[in-house]
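# Examining the three-dimensional arrangement
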Amino acid sequence: MDDIFSIDKTYIANTYARFPVEIVSGKGSLAWSPEGKRYIDMGSGIGVTAFGYADDAWQQAVIAQLGKVQHTSNLYYTEPCALLARELCLRSGMKKVFFGNSGAEANECAIKAARKYAAEKKGPEYHTIVTLVNSFHGRTLTTLAATGQEHYHELFQPLTPGFAYAEAEDIEGLKKLALETKAAAVMLECIQGEGGVRSLSEGFLRAVGEFCRAEDVLLIVDEVQTGNGRTGKLYAYMNFGLQPDIVSTAKGLGGGLPLGACLLGEKVQDVFAPGDHGSTFGGNPVCCAGALSVIRRLDEAFLAEVRRKGELVRGALLGAPGVEAVSGLGLMVGVKTAMSAAEAVKACMEKGVLFLTAKDRVRMLPALNIPDELLLEAVGVLKEVCSEG
Ligand SMILES: *Cc1c(COP(=O)(O)O)cnc(C)c1O
């Protein structure tokens, strides 16, 4: 048999530091290696497989659509795309949706919408997007520019101009920066995911929302990681009483197929005209059929379960030996461990549990329907590792 690790290392671009694990099959929150080693997957493909591997309802929805039409381009109407857009708007209060294929593309659309709105309403000099230090918004040259972490920027200059970075929790600094730079929008994650599962305070978020409304600066909330039930609400901003003008999302939306969405609120619902923006694959009917199956199941009872499971995890970890802090909301959890997060993740992997890291933390983004037994088994392994470390 060919050695997949060495073929991959030879032919795949050197952008990923993969773990020495090959996954050949999965069901729910369990995954298996070619040798039949069982893993509990606490990362769900970085928050993507919202209902785990090979979820029955999701699979049926996707397969049914595959048997009808797999792609038509955006020149024609398809039912899954229209129904998903309606579902997202009715559930969020947003007005219109643009579909792309990834989080970065959803953010690109958000930035274009904000710039056009501000250019038309206030003038083209109102184009700056204020983002936060330690944020993460994607890997395209524009969303890298939006990402407030310098180490991602090095060696890729020049990035798209027109971004400025404010410190989280410093509302006066943010206001000053937004006014000085004639900002079109403020863009933020309610919980900085890649930045280490760092929650922003409700006070700060509300103050940003009030400032944006008062100054007619658009508020863009990046829900790529926090969205689609992850925090125990449909979107994380709903935990904080915020009303964004634009919401971008992706990761868990398609349940494992590539789908991003930019939700446009009242102010910007009509900002685009035909030709302003587009995507060949965007709104693919198979991806949208999968997403409909995900979003329709995220009702209040299900979301309450996500919150309960999040509390279960927190309860099990808080005060455990070697656990220094627990952050996040719902099933988006960051754990500050006494030992290095990378070491903890490696040790857990050897014991059959796949966790993620984010900065100096162990990160969990399990499938939203993970059974309590698996969740507690996985957390138990982390506790064991932490207590030994
Ligand atoms: C993952 C992520 C992105 C980028 O999404 P891609 O699908 O990888 O382009 C953007 N913003 C946030 C908050 C993310 O977590």
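Values in this document were obtained by computation on a predicted structure and should not be read as measured data.

## Quick word on the site of the ligand
Near the ligand, the surroundings consist of S102, G103, A104, N107, F136, H137, G138, E189, D222, V224, Q225 and K251. A distance of 2.8 Å separates an oxygen atom of the ligand from a polar atom in the backbone of G103. F136 places a main-chain nitrogen or oxygen 3.3 Å from a nitrogen atom of the ligand. Look at the ligand: alone it shows 380 Å² of surface, and the protein chains cover 82% of it. Among the elements that take part in the shell around the ligand, helix 5 (residues 103-121) stands out by supplying three residues, more than any other. Residues belonging to the shell around the ligand are distributed by class as follows: three nonpolar, six polar and three charged.

## Description of the sheet that holds strand 17 (residues 361-364)
Pairing within the open sheet is antiparallel, and its four strands lie in the order 13-14-17-16. Two strands lie at the open edges of the sheet, namely strand 13 (323-329) and strand 16 (356-358), each paired on one side alone. Across the sheet, the axes of successive neighbouring strands diverge by a mean angle of 30°, strand direction being ignored. Two elements, strand 13 and strand 14 (residues 332-337), share six bridges in a ladder whose sense is antiparallel. Bridging across to strand 14, V326 finds its partner in V335.

## Quick notes on the sheet that holds strand 3 (residues 38-41)
Taken in spatial order, the four strands make up an open sheet running 1-2-3-15, and their pairing is mixed. A single partner strand is all that each edge strand has here, and the edge strands are strand 1 (25-27) and strand 15 (353-354). Inspection of the sheet shows strand 3 paired to strand 15 by two bridges, in the parallel sense. Considered in strand 15, the bridge of D41 is made with L354.

## Overview of the environment of A13
Following the sequence through the fold, A13 ends up in the loop between helix 1 (4-11) and strand 1. Considered as a pair, A13 and R297 are 284 residues apart in the sequence and their alpha carbons are 37 Å apart.

## Some details on helix 3 (residues 56-66)
When helix 3 is considered as a whole, its buried residues turn out to be W58, V62 and Q65. The buried residues of helix 3 occupy an angular sector of 65° when the element is viewed end-on, so they sit on one face. Exposed residues on helix 3 whose side chains face more than 90 degrees from its buried face are Q60 and I63. Residues of helix 3 that are buried sit in contact with helix 4 (79-92) and helix 10 (285-297).

## Some points on the packing of helix 8 (residues 171-180) against helix 9 (residues 202-215)
Across the interface, helix 8 lies against helix 9 with an axial gap of 10 Å and an inter-helix angle of 25°. As summarised for this structure, helix 8 and helix 9 are arranged roughly parallel, according to the angle between their axes. In the packing of helix 8 onto helix 9, the handedness of the crossing is right-handed. In contact with I171, L174, K175, A178 and L179 of helix 8, helix 9 contributes F204, A207, V208, F211 and E215. Grouping the amino acids of the contact of helix 8 with helix 9 by side-chain chemistry returns eight nonpolar, no polar and two charged.

## Points about the domain arrangement of the protein
When the domains of the protein are assigned, the result is domain 1 (4-55 + 300-388) and domain 2 (58-295). On a C-alpha basis, the centres of domain 1 and domain 2 stand 26 Å from each other. Facing the 27 residues of domain 1 at the interface are 28 residues of domain 2. Together domain 1 and domain 2 conceal approximately 2,200 Å² of surface at their shared face, both sides included; 58% is due to carbon and sulfur atoms.

## Overview of a nonpolar patch on the surface
A contiguous nonpolar patch, built from I4, F5, I7 and Y11 and spanning about 410 Å² of accessible area, is present on the exposed surface. Given the relative accessible area of 39%, I4 is considered partly exposed.

So, how was this worked out
Residues numbered from 1 in each chain as written. Predicted model: local features only at pLDDT ≥ 70, side-chain atom pairs only at ≥ 80, totals over all residues. Heavy atoms only, no water. Near = heavy atom within 4 Å. Polar contact = N/O pair within 3.5 Å; in protein donor to acceptor, adjacent residues only side chain to side chain. Areas by Shrake-Rupley, 256 points an atom, 1.4 Å probe, with all protein chains shown as cover. Helix = DSSP H or I, 4+ residues; strand = E, 2+ residues; numbered from the N terminus. Nonpolar A, V, L, I, M, F, W, Y, C, P; charged D, E, K, R; others polar. Pairing = 2+ DSSP bridges. Axes fitted to C-alpha atoms, helices over the stretch in contact; angles between N-to-C directions. Buried < 20%, exposed > 50% of the residue type's maximum accessible area, 1.4 Å probe, protein only. Arc of directions from axis to C-beta. Contact = heavy atoms within 4.5 Å. Parallel < 35°, antiparallel > 145°, perpendicular 65-115°, else oblique. Left-handed = near helix turned anticlockwise from the far one by under 90°. Domains from an automatic or database assignment. Buried area = accessible area lost by both parts, 1.4 Å probe. Patch = residues over 30% accessible without salt bridge, like charges linked within 9 Å, V, L, I, M, F, W, Y side chains within 5 Å. Salt bridge = Lys/Arg side-chain N within 4 Å of Asp/Glu carboxyl O.

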